Amino acid sequence: MGEIDLRNVGVFMHGEQAEKTGLAIGEGKAKAIHWLAYKTRLDFYKIANAYKLVSNYSKLDAWLAYRPIVRRDKDGKKRICYKPNDTLLDLVQKKFNRRIFSQLPKHKNNIGFSGGKIEDAIIPHLGSEMMLSMDIKKAFHNTKKPEVIESLKRSRLPQGVPEIIAQICTFPVRPNSSLVIPQGASSSPKLFDEVMRPVDEQLSELMERVKGKYTRYADNIFCSGDSFILRAKKQDIINIVSRAGRGSSYQGYFKLHKIKFRDLSKLEYAAKMLGLNIIDGKIVNTPKTKKKFRAVIFYLKQTLVNGEDPTHLLNVLNGLKGWIRFDTLTPSIEKEYQKLLKILEK
């Protein structure tokens, strides 16, 4: 990540300004914040203030620093997310995500949060006899601060930096509960990917040994191969995911649901998993998906023209972009989408 001059770090710890703002901190934390300020191009005191905001022992301040937002999934179900209620905290998390987390290497079978579409996670499995799929239940809110620290240490960040990042990028879902990564914060997806890196590595190695395939789309796990071997390895796969790739003594287990075996011998069944159709041997968008995509484009354009808050519709659009096959859109929808992109660029 690079080296910086830390000779003047004492100024930040013991200087008059630090004493006035109540930000006098230990040398180790000061060095870590100084490094983060250098990498993010933020003022030292902005990061220090964000750290102080969420470091209250009772965790009440950290809880109050977020606000709940109700969103709907693509299937219409309500989901409660949490956004930073403090603009400084939001800014620091975004800078971490853009200038630090984006530089962390991406595993080749990790698709979704770090780039890629759902079809990129499914298509590698086509041609296999069977697939074992599962979801991690409440993935973000079951990813705890110690796991974040451990994963960032594996990325060889400077001493003290993982602890500062984890403190600023986690929160208690309830006052005084364990600190977890908030669903809704810009920093959470990449942090989750880092926590899941041991899973990606171990399942990739396992499936290669049995001549199978592994991919992960966000918190969805997909393993495929020979039906007999896959059933024999089912519990090993579940153990690796539930323990986040750690050893058998690890206690921070993820809870899994929707654990299913899927027959991939028929292309139509695989397409159904993607929410797509098969027409003349080609995978295309369903009429329902195209209709929703067109509607989101229309209402988002109206929202932007009227100067209203587009956050919710942008989230819906970004979610749909993970499912849409752009190469099969009708010319009229493609034209409207390009118009929207030009508006968003302004």
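Refer to the structure printed above.
Quick summary incoming for the structure in this document. (Residues numbered from 1 in each chain as written. Predicted model: local features only at pLDDT ≥ 70, side-chain atom pairs only at ≥ 80, totals over all residues. Heavy atoms only, no water.)

**Some details on the packing of helix 15 (residues 287-305) against helix 17 (residues 331-345)**
Heads up, the rule is: Axis definition: a line fitted to C-alpha atoms, over the contacting stretch in the case of helices. Angles run 0 to 180 degrees between N-to-C directions. The helix count covers DSSP runs of H or I at least four residues long, the strand count covers runs of E at least two residues long, and both are numbered beginning at the N terminus. Should an angle lie under 35 degrees it is considered roughly parallel, over 145 roughly antiparallel, and from 65 to 115 roughly perpendicular; all remaining angles are considered oblique. Handedness of a helix crossing follows the sense of rotation of the near helix relative to the far helix, less than a right angle counterclockwise being left-handed and clockwise being right-handed. In what follows, a contact means two residues having at least one pair of non-hydrogen atoms within 4.5 Å. Each residue gets one of three labels, nonpolar for Ala, Val, Leu, Ile, Met, Phe, Trp, Tyr, Cys and Pro, charged for Asp, Glu, Lys and Arg, and polar for the others, Gly among them.
Running from N to C, helix 15 and helix 17 point in directions that differ by 30°, and their axes come no closer than 10 Å. On the basis of their axis angle, the class for helix 15 and helix 17 is roughly parallel. For the pair helix 15 and helix 17, the crossing hand works out as left-handed. Within the contact between the two elements, helix 15 uses K290, F293, R294, I297, L300, K301 and L304 and helix 17 uses S332, I333, E336, Y337, K339, L340, I343 and L344. The residue inventory of the contact of helix 15 with helix 17, partitioned by class, reads nine nonpolar, one polar and five charged.

**Topic: the side chain of R262**
For clarity, the cut-off: Between buried and exposed lies partly exposed: a residue is buried under 20% and exposed over 50% of the maximum accessible area for its type, with that area taken using a 1.4 Å probe on protein chains only. All tallies of charge rest on Lys and Arg as positive and Asp and Glu as negative; His and the ends of each chain are not included. Each reported salt bridge corresponds to a side-chain nitrogen of Lys or Arg within 4 Å of a carboxyl oxygen of Asp or Glu. Counting of polar contacts relies on pairs of N or O atoms within 3.5 Å, with two restrictions inside protein: one atom must be capable of donating a hydrogen and the other of accepting it, and residues adjacent in sequence are counted only when both atoms are side-chain atoms.
When you line up the elements, R262 lands in strand 9 (residues 256-263). Buried within the structure, R262 lacks any salt-bridge partner; D135 is the closest side chain of opposite charge, at an N-O distance of 6.8 Å. Polar contacts involving the side chain of R262 include one to the side chain of S133, which spans 2.9 Å.

**Comments concerning helix 6 (residues 87-99)**
So the rule is basically this: Expected helix span is given by 1.5 Å per residue-to-residue step, counting one fewer step than there are residues.
The terminal C-alpha atoms of helix 6, which comprises 13 residues, lie 18 Å apart, in line with the 18 Å expected from a rise of 1.5 Å per residue. For helix 6, every residue scored as buried is listed here: L89, D90, V92, Q93, K95 and F96.

**Considerations on the environment of H312**
Among the structural elements, H312 can be located in helix 16 (residues 311-321). By relative accessible area, which is 40% here, H312 ends up partly exposed. Along the sequence, H312 and V70 sit 242 residues apart, while their C-alpha atoms lie 9.5 Å from each other.

**So, unusual backbone geometry**
For residues that are not glycine, phi is negative in most cases, and the peptide bond is trans in most cases. One non-glycine residue with positive phi stands out, namely K138, at about 45°. Residue position: K138 is located in the loop between strand 4 (130-136) and helix 8 (145-154). The phi angle at A244 is positive, at roughly 55°, despite the residue not being glycine. Inspection of the secondary structure assignment puts A244 in the loop between helix 13 (234-242) and strand 9. Judged by its relative accessible area of 0%, A244 is buried.

**Quick notes on a positive patch on the surface**
The following threshold applies: Patches draw on residues past 30% relative accessible area with no salt bridge. Two like charges within 9 Å are joined, as are two nonpolar side chains (Val, Leu, Ile, Met, Phe, Trp, Tyr) within 5 Å. Accessible surface is estimated by sampling points in the Shrake-Rupley manner with a 1.4 Å probe; for residues, cover comes only from the protein chains shown. To locate a charge, the coordinates of NZ of Lys, CZ of Arg, CG of Asp or CD of Glu are taken.
Taken together, the side chains of K137, K138, R174 and K255 present a region of like positive charge at the surface. With respect to the helices, strands and loops of the structure, K255 is situated in the loop between helix 13 and strand 9. A residue is classified by how much of its surface remains accessible, and K255, at 58% relative accessible area, is exposed.

**Structural notes on the packing of aromatic side chains**
Counted only if it meets this: Stacked, tilted and edge-to-face are the three classes assigned to paired rings of Phe, Tyr and Trp, where Trp is represented by its six-membered ring and a pair needs centres within 6.5 Å; plane angles under 30 degrees give stacked, over 60 edge-to-face, the rest tilted. Lysine and arginine charges are scored as sitting over a ring when NZ or CZ, respectively, is within 6 Å of the ring centre and within 35 degrees of the ring normal.
Counted according to the given criterion, the structure contains 10 aromatic pairs. Taking the centre distance of 5.6 Å and the plane angle of 50° together, the rings of F140 and F192 count as tilted. Taken together, the positions of F140 in the loop between strand 4 and helix 8 and F192 in helix 10 (residues 188-195) put the pair 52 residues apart, joining distant regions of the chain. This pair shows no difference in class: F140 is buried, exactly as F192 is. When the centroid spacing of 5.5 Å and the interplanar angle of 45° are considered together, the rings of F293 and Y337 count as tilted. Of this pair, F293 sits in helix 15 while Y337 sits in helix 17, placing them 44 residues apart in sequence. With respect to class, F293 is no different from Y337; both count as buried. The structure contains a cluster of three or more aromatic residues connected by ring pairs, namely F113, F140, F192 and F254. The ring of F261 is capped by R231, whose NZ or CZ atom sits 4.3 Å from the centre of that ring.

**What about the environment of T330?**
Looking at where T330 falls in the secondary structure, it is placed in the loop between helix 16 and helix 17. Considered as a pair, T330 and N285 are 45 residues apart in the sequence and their alpha carbons are 10.0 Å apart.

**Structural notes on the pattern of salt bridges**
Oppositely charged side chains can form a pair if their charged atoms are brought close together. Tallied over the entire structure, the rule returns 13 salt bridges. Between K31 and E27 there is a salt bridge, with its nearest N and O atoms 3.4 Å apart. In this pair, K31 and E27 are both assigned in helix 3 (residues 27-40), four residues apart and thus about one turn of the helix distant. Several salt bridges converge on common partners, so that one network encompasses E150, R154 and R246.

Note that every value here comes from positions in space, so none of it alone points to a role or purpose.
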